[in-house]
Amino acid sequence: MGRRLGRVLALVCAGVVLAACTSPGGPDDPASSTTPDHTAAGRAGSLKDPDAQAPAPEVPGATRGGLLTVLSSTVPNSLDPARSSFVDTRGILSGLVTRSLTQFRRDPVTGGMELVPDLATDLGVPNDDGTRWTFTIRSGVRFEDGTPVTAEDVAYGIKRAFASDVLPGAPAYLRTFFLDGDLYQGPYASTAALRSRPGHQPGWYAGDDFRGIEVRGQTIIFRLRRPFADMPYLASFPQFAPVPRAADADPTAYGNRPVATGPYQVESFRDGTTLVLARNTRWDPATDPGRHQYADGWTFLWGQDPDRIDGLLLDDAGDAKYALSYDSLGPDTVDEMAQDATSRMTMAATPCTYLWYLDTRKISDVRVRRALGWAYPYEAAWKAGREIIGTTRVPGTTILPPGTTGRRTYDPLGNGGRRTDAAMARRLLKEAGATGFPIRWYYASDVPEKVAVKDAVVTGLRSAGFEPQPIATTAKQIRAMQFDPDGPHDVVDSGWCSDWPTGSSWFPAQWAADSVDDPARPNPSMLDEPRVQREIDRILDTLTGGPAAKAWGALDERIGKRYYPAVVLGHGGVVLAHGSRVGGMAVNEMLGMPIFADMYVDQGT
């Protein structure tokens, strides 16, 4: 999830204190005394332990048995590993159901997330220039039906993610880095059939013979079209989970019941409402350096009212004692729960940026885009969305989250990332001859807090001379609809998180010109600037380490100042809560999600 933010984006949370912004912690910031370390979030995931051994270290005090329930207002649209780009589906799949070549686990000493082996015996072996990576599959790993996992299964799972016409949503890194990644179209179609596909490009091919992957026994080799030192991070994605070909007869249905390799398997999945997980008896902890199987099972309930979730967790009665949520608490609930000496809140910053992506094809005048930056009602929208300023939402002005190596501090508007100026917006619109410019964006009309945010934004835009035209949809539909490049909207309300602590997890995925108009390769601002693309290519092909980090920071500033393709809506964090019988609650600071693999039911006395 880089990857898209989970609650369209309310889930994407990452915190950072920007030097150019007003510091959080003022009298109106209720959680200022407990603000997480936002700057450190930009370095999240930098720890590695290639020699981590299985089984995973036990969580102190953990007990076996019992059932856990997870509540959220968001609605995942698929559990297919090939389509997993949002932080919630990635957290659920990677933590509980599917295993990839590598994984993140919580370091028992530092509490930070560290990259360790998973299906692979190590973190991969590169050739001298980083264009070829080799991973060996460990023995003893089985699917839920007892079938041994092979390197061919892993290769097939990855190939599926290239079939963007059938399974849209895979991260752009696959096409950016794999040899022929820009040409290969997945295992389902034939090369001949591609010629009749709309948008066919010369050189496209499909089928099993993908030149970017080679399998030799239990070894899988990735051939890349450019150096990629961060391959071990990418190998932790759900797209690198094995998929048995026999279970993929209907690719569009596989996400309803992905075949488990992790500690839990899908018992039932009711689209848009409920996921029930049961123990996977074929999972062997002796093969897994990062996961546990403490609870007997999990139930995920989606599309829940945020106020109801807060009320249940605050009251902590009955079944709520065994519940948790990956939605942040509202400010009033945080204040109430903070009075409890045995607080059941868990707070963390994560390396994410919320953005209002502006479609540069439709909003082509940069003066109009900057007017939107002055018109957006930052604080009113944050409060309407139940954000805690300084904790779950920190004003920001840069694409990269603070703490990221090489990041520059800049402020393209000079508004500190939180000041609205309707008069300035009107002047810019008048100068551009665009007074009354229509702005269309989707919002989830079945989520009260999203409606409240929409109302605040409508008021702010209208007072600044725009004609706001919000488009109602549902929490279930919004993800697919707002990332459709041919949709009626001209703004995408979303964001991005660091998948690893360098700029290579941001700009190739979000701002590459060759991903314009491709819903499988997110460039929501549709920025198509040759100078930006040339600089992305130059950094990827010629720079590493410190020089690359410095160059990514400079590119961030160039994009923000020269093109202003998105309104930065801040960085943030999460304040999550759990019932009194939920043990092992901690936050994966890279996702803003609970570390499900470490959680258990506290059996009490």
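The structure under discussion appears in the preceding block.
The structure contained in this document is the topic of the report that follows. (Residues numbered from 1 in each chain as written. Predicted model: local features only at pLDDT ≥ 70, side-chain atom pairs only at ≥ 80, totals over all residues. Heavy atoms only, no water.)

Here we come to the overall build of the protein. Looking only at helices and strands, one finds 15 helices and 25 strands in the protein. Its C-alpha atoms give the protein principal-axis dimensions of roughly 65 × 65 × 40 Å. When burial is assessed residue by residue, the protein has 63% of its 605 residues classed as buried. Carbon together with sulfur atoms contributes 49% to the accessible area of the protein, which is approximately 20,800 Å² in total. Mean positive and mean negative side-chain charge positions of the protein (63 and 72 charges, respectively) differ by 4 Å. (Helix = DSSP H or I, 4+ residues; strand = E, 2+ residues; numbered from the N terminus. Buried < 20%, exposed > 50% of the residue type's maximum accessible area, 1.4 Å probe, protein only. Areas by Shrake-Rupley, 256 points an atom, 1.4 Å probe, with all protein chains shown as cover. Lys, Arg positive; Asp, Glu negative; His and termini not counted. Charge placed at Lys NZ, Arg CZ, Asp CG, Glu CD.)

Our focus in this paragraph is the layout of surface pockets. Estimated volume of the second largest pocket: approximately 340 Å³. Lining of the second largest pocket is provided by 19 residues; of these, D230, L543, T544, G545 and A548 occupy positions nearest its centre. Elements represented by at least two residues in the lining of the second largest pocket include exactly α14 (530-542) and α15 (545-563). In terms of residues, the lining of the second largest pocket owes the most to one element, α15, which gives four residues. Partitioning the lining of the second largest pocket into residue classes produces eleven nonpolar, six polar and two charged. (1 Å grid on protein atoms, 1.4 Å probe; cavity = no way out; pocket = protein on both sides within 12 Å on 5 of 7 lines; lining within 4 Å. Points joined across faces, edges and corners; volume = space filled by probe spheres on them. Nonpolar A, V, L, I, M, F, W, Y, C, P; charged D, E, K, R; others polar.)

The next thing to look at is the sheet that holds strand β8 (residues 213-216). Ordered in space as β6-β7-β9-β8, the four strands form an open sheet in which the pairing is antiparallel. Two strands in the sheet have a free side with no partner beyond their single neighbour: β6 (125-126) and β8. Judged from the four bridges that link them, β8 and strand β9 (residues 219-223) form a sheet pairing that is antiparallel. Within β9, the residue paired with I213 across the bridge is F222. (Pairing = 2+ DSSP bridges.)

With that settled, consider the state of the cysteines. Counting across every chain of the model gives one disulfide. With a sulfur-sulfur separation of 2.0 Å, C352 is cross-linked through a disulfide to C497. Judged by the sign of its S-S torsion, about 105°, the cystine formed by C352 and C497 is right-handed. Of the two residues, C352 sits in strand β15 (residues 352-358) while C497 sits in strand β19 (residues 491-497), which places them 145 residues apart along the sequence. The pair formed by C352 and C497 is uniform in burial state, with each residue classed as buried. (Disulfide = S-S within 2.5 Å.)

Two measures describe an aromatic ring pair: the distance that separates the ring centres and the angle between the ring planes. A complete count under the given rule lists 31 aromatic pairs for this structure. Each ring, one from F162 and one from F178, has its centre 5.9 Å from the other, and the planes form 75°; the classification is edge-to-face. Here F178 lies in the loop between α3 (173-177) and α4 (191-194) and F162 lies in the loop between α2 (151-160) and α3, a separation of 16 residues in the sequence. Pair check on accessibility: F162 and F178 agree, each one buried. What links up through ring pairs into an aromatic cluster is the set W133, F135, F162, F178, Y184, Y205, F210, F222 and F240. Here the guanidinium or amino end of R211 rests over the ring plane of Y205, the centre of that ring lying 4.3 Å away. (Phe/Tyr/Trp six-rings, centres within 6.5 Å; stacked < 30°, edge-to-face > 60°. Lys NZ or Arg CZ within 6 Å of the ring centre and 35° of its normal.)

Along the chain, S505 turns up in the loop between β19 and α13 (507-510). In this structure the side chain of S505 is engaged in a polar contact, spanning 3.5 Å, whose partner is the backbone nitrogen of D499. (Polar contact = N/O pair within 3.5 Å; in protein donor to acceptor, adjacent residues only side chain to side chain.)

Right, let's get into the side chain of R105. With respect to the helices, strands and loops of the structure, R105 is situated in strand β4 (residues 102-106). For R105, a relative accessible area of 9% puts it in the buried group. A distance of 2.8 Å separates the side chain of R105 from the side chain of E114, its partner in a polar contact. With near-sequence residues (within four places) excluded, R105 lies in contact with D49, A52, Q53, P57, G112, M113, E114, V116, P289 and G290. (Contact = heavy atoms within 4.5 Å.)

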